[in-house]
Structure formats: C-alpha cells, structure tokens
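Fold and geometry: a report
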Amino acid sequence: DAGVIQSPRHEVTEMGQEVTLRCKPISGHNSLFWYRQTMMRGLELLIYFNNNVPIDDSGMPEDRFSAKMPNASFSTLKIQPSEPRDSAVYFCASSHARTGQRTYFGPGTRLTVT
Amino acid sequence: EDKVVQSPLSLVVHEGDTVTLNCSYEVTNFRSLLWYKQEKKAPTFLFMLTSSGIEKKSGRLSSILDKKELFSILNITATQTGDSAVYLCAATRNQFYFGTGTSLTVIP
C-alpha cells in the first residue's frame, strides 16, 4: 500500500499566483481530510469529504481556498490568489470506517508564498 | 523505506493508570519527532523533540527521544477519561512521516 500520496512535496510561488495541491487517498478509504499546519495555529482542519461529498468546510479560511474531490481517488486544494500568509504545510489524510476511523496522513506539501 | 511505527495499536486502561506509548522511526536525515493528540477535528500538537535524552513535560504528559535507538515514548500518568484519543507521532525531515496512531481509551 502506497499510503496517502501528495504532490507536489514543495511549492514556492509568488503572491497572487494560483496554487493547486493534489492528494490521492488510500484506495478504499471513503473519507478525505485537508489540514494546514502553521507555527502559529498548529494543525487546522480545512475541509473533509465523505464519499466524495464535502461535509464540513468550516475550516476553509476564505473564498480564495477551494477544494474538490471529483472521484474517490483524487482531491485538489486550490488557492487563488495565493498570499504570503498561506505559507504552511498542507496535509491530506484519509480514513475508512473499517479502520476505526484511524486517520492516515500524507507526507505534506510545504508551500511558500513570497 | 522511511517509516514510522507506533505501538500498541490500541490500549484500554482505567482512570489513574499510567500509560506508555511507543513510536519507532526509520527516517533518513531525521530532523525532529512530533507528538499529537487527535480527538475530533484536527490533531493537537503536544511535543516536538529534536535532542536525544531530554525529557519534555507538560502536566501529566511527558516525552523523550532516543536518536540512537530511533524511538520516542509518550508517557501519561494518572490518566483521565479526557485523555481518551488517538495519539499520533510524526518524524520529519523535509516532509512528515506519520505513524498510524495509538488509540487510547480510559475507562472511569
């Protein structure tokens, strides 16, 4: 099992540019989570999907952030336009009821917006 | 292959017991090890360990890192029902390697 796959691993971009982060959950998992980690706030849940449907997006900071899950094996988190305060590590994680909702985290995408 | 393994997978104890959670890692160019407590939404940061042999404490929780034997432990003394959660550890270098967590249940 490859685990949760995220790409890119690192992204450096200029303020105002669009950034797209990608995630492939573990095959068979039906819940997918996007988190953001910063020094100031620690880990924050941005949004989570269940069976490809967004269930709770109350953690999405503002309209510049959007997330999609077009199918069970792929999700994107888009920031447009990006700002320096978006610099953080973004994690994707997945789980399934049969794993007791144990959450499996991806390696993260380190985003730097200059 | 870089990996992090946590044990035990799950644990059920009575209030007042002391528990020790284990996290072993094999990560090249290791930088630090982090412990999180996950209850509902996002995991809560507990400790970051970078130096071997130096214990970090926060109330009833403490943790230590052994960079020679490549493991860390998280101790919780006088457990309370509020300690029930999944405890995650993650080893970092340029990216994070998470373990699958230890599910702790504290029974009154």
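Structure report, in brief. Quick caveat: nothing in here was measured; it's all calculated off a predicted structure.

1. A short note on the side chain of Asn75(B)
Residues and elements named next belong to chain B.
- Inspection of the secondary structure assignment puts Asn 75 in strand β8 (residues 71-76).
- Within polar-contact distance, the side chain of Asn 75 engages the side chain of Thr 20 at 2.5 Å.
- For Asn 75, the residues in contact, after removing those within four places along its chain, are Val 19, Thr 20, Arg 60, Leu 61 and Ser 62.

2. A word on the state of the cysteines
- Within the structure shown, the criterion is met by 2 disulfides over all chains.
- Paired through a disulfide, Cys23(A) and Cys92(A) show a sulfur-sulfur distance of 1.8 Å. Between Cys23(A) and Cys92(A) the disulfide shows an S-S torsion of about -65°. By sign, it is left-handed. Placement of the pair is Cys23(A) in strand β3 (residues 19-24) and Cys92(A) in strand β9 (residues 88-95), with a sequence separation of 69 residues.
- What pairs with Cys23(B) in a disulfide is Cys89(B), and their sulfur atoms sit 1.9 Å apart.

3. Observations concerning the nonpolar core
- Among the nonpolar cores identified, the biggest contains 23 residues, and Val4(B), Tyr25(B), Leu33(B), Trp35(B), Leu74(B), Tyr87(B) and Leu104(B) are the most heavily contacted of them.
- If you list the elements that add at least two residues to this core, you get β3 (19-26), β4 (32-38), β5 (44-49), β7 (61-66), β8, β9 (85-92) and β11 (102-107) of chain B.
- If near-sequence neighbours (up to four positions away) are discounted, Tyr87(B) is found in contact with Gln6(B), Leu21(B), Tyr36(B), Lys37(B), Leu46(B), Leu74(B), Ile76(B), Gly101(B), Thr102(B) and Leu104(B).
- Core analysis: the second largest hydrophobic core is formed by 21 residues, Cys23(A), Met60(A), Met69(A) and Cys92(A) among them.

4. Observations regarding the pairing of strand β4 (residues 31-38) of chain A
Residues and elements named next belong to chain A.
- For β4, the buried fraction is high: 8 of the 8 residues fall into the buried class.
- Both faces of β4 are covered, namely the face carrying Ser 31, Phe 33, Tyr 35 and Gln 37 and the face carrying Leu 32, Trp 34, Arg 36 and Thr 38.
- Direction of pairing for β4 relative to strand β5 (residues 42-50): antiparallel, over a ladder of 8 bridges. Opposite Phe 33, over in β5, you have Tyr 48 as the bridge partner.
- Where β4 hands over to β5, the hairpin turn is made up of 3 residues, counted between the paired strands.
- With 7 bridges joining them, β4 and β9 adopt antiparallel strand pairing. Paired with Ser 31 across the two strands is Ser 95, which belongs to β9.

5. A closer look at the interface of chain B and chain A
- Taken residue by residue, the interface counts 16 residues in chain B and 18 residues in chain A.
- Taking both partners together, chain B and chain A bury about 1500 Å²; carbon and sulfur atoms supply 55% of that area.
- Inspection of the chain B/chain A interface yields 0 salt bridges.
- Counting residues per element, the ones that place at least two in the side of chain B that touches chain A are β4, β10 (96-98) and β11 of chain B.
- Residue classes in the side of chain B that touches chain A are distributed as 7 nonpolar, 7 polar and 2 charged.

6. A short note on unusual backbone geometry
- In this structure, the amide linkage connecting Ser7(A) to the following residue, Pro8(A), adopts the cis form with an omega of -10°.
- By the element assignment, Pro8(A) lies in the loop between β1 (5-7) and β2 (10-13).
- In this structure, Pro8(B) follows Ser7(B) across a cis peptide bond, with omega equal to -10°.
- With respect to the element layout, Pro8(B) can be found in the loop between β1 (3-7) and β2 (10-14).

7. So, the packing of aromatic side chains
- On inspection of all chains with the given rule, the structure shows 11 aromatic pairs over all chains.
- When the ring of Phe91(A) is compared with that of Phe98(B), the centres are 5.2 Å apart and the planes differ by 90°; the resulting orientation is edge-to-face. Placement of Phe91(A) in strand β9 and of Phe98(B) in strand β10 is noted, with the two residues assigned to different chains. Comparing Phe91(A) with Phe98(B) shows no difference in burial state: the two are buried.
- Plain terms: the ring middles of Tyr36(B) and Phe45(B) are 6.3 Å apart, the flat faces sit at 75° to each other, and that makes the pair edge-to-face.
- With a relative accessible area of 0%, Tyr36(B) lands in the buried category.

Here is what the cut-offs are and how they apply
Position numbers for residues start from 1 in each chain and track the written sequence from start to end. Each chain gets a letter, beginning with A, and each ligand a number, beginning with 1, in the order they are written. Reporting of local features is limited, given that this is a predicted model, to residues whose pLDDT is at least 70; pairs of side-chain atoms are given and counted only at 80 or more, and all residues count toward the totals for whole chains, interfaces and linings. Remark: hydrogens and water are excluded; side-chain values derive from all non-hydrogen atoms of the structure. Under the DSSP-based scheme used, a helix requires at least four consecutive residues in state H or I and a strand at least two consecutive residues in state E, with every element numbered from the N terminus. Counted as a polar contact is a pair of N or O atoms within 3.5 Å, where, for protein atoms, one must be capable of donating a hydrogen and the other of accepting one, and residues adjacent in sequence contribute only when both atoms are in side chains. The contact criterion used throughout is that any non-hydrogen atoms of two residues lie within 4.5 Å. When two cysteine sulfur atoms are found within 2.5 Å, that pair is recorded as a disulfide. Nine residue types can take part in a nonpolar core, namely buried Ala, Val, Leu, Ile, Met, Phe, Trp, Tyr and Cys, and a core is a set of them joined through side-chain atoms within 4.5 Å. For each residue, the accessible area found with a 1.4 Å probe, counting protein chains only, is set against the maximum for its type, and the residue is called buried under 20%, exposed over 50%, and partly exposed in between. For two strands to pair, DSSP has to find at least two bridges joining them. Accessible area that two parts lose when put together, evaluated with a 1.4 Å probe and summed over both, is termed the buried area. Salt bridge criterion: a side-chain nitrogen from Lys or Arg within 4 Å of a carboxyl oxygen from Asp or Glu. For this classification, the nonpolar set comprises Ala, Val, Leu, Ile, Met, Phe, Trp, Tyr, Cys and Pro, the charged set comprises Asp, Glu, Lys and Arg, and every other residue, Gly included, is treated as polar. To pair, rings of Phe, Tyr and Trp, with the six-membered ring standing in for Trp, must have centres within 6.5 Å; the planes then decide the type, stacked if under 30 degrees apart, edge-to-face if over 60, and tilted in the middle.

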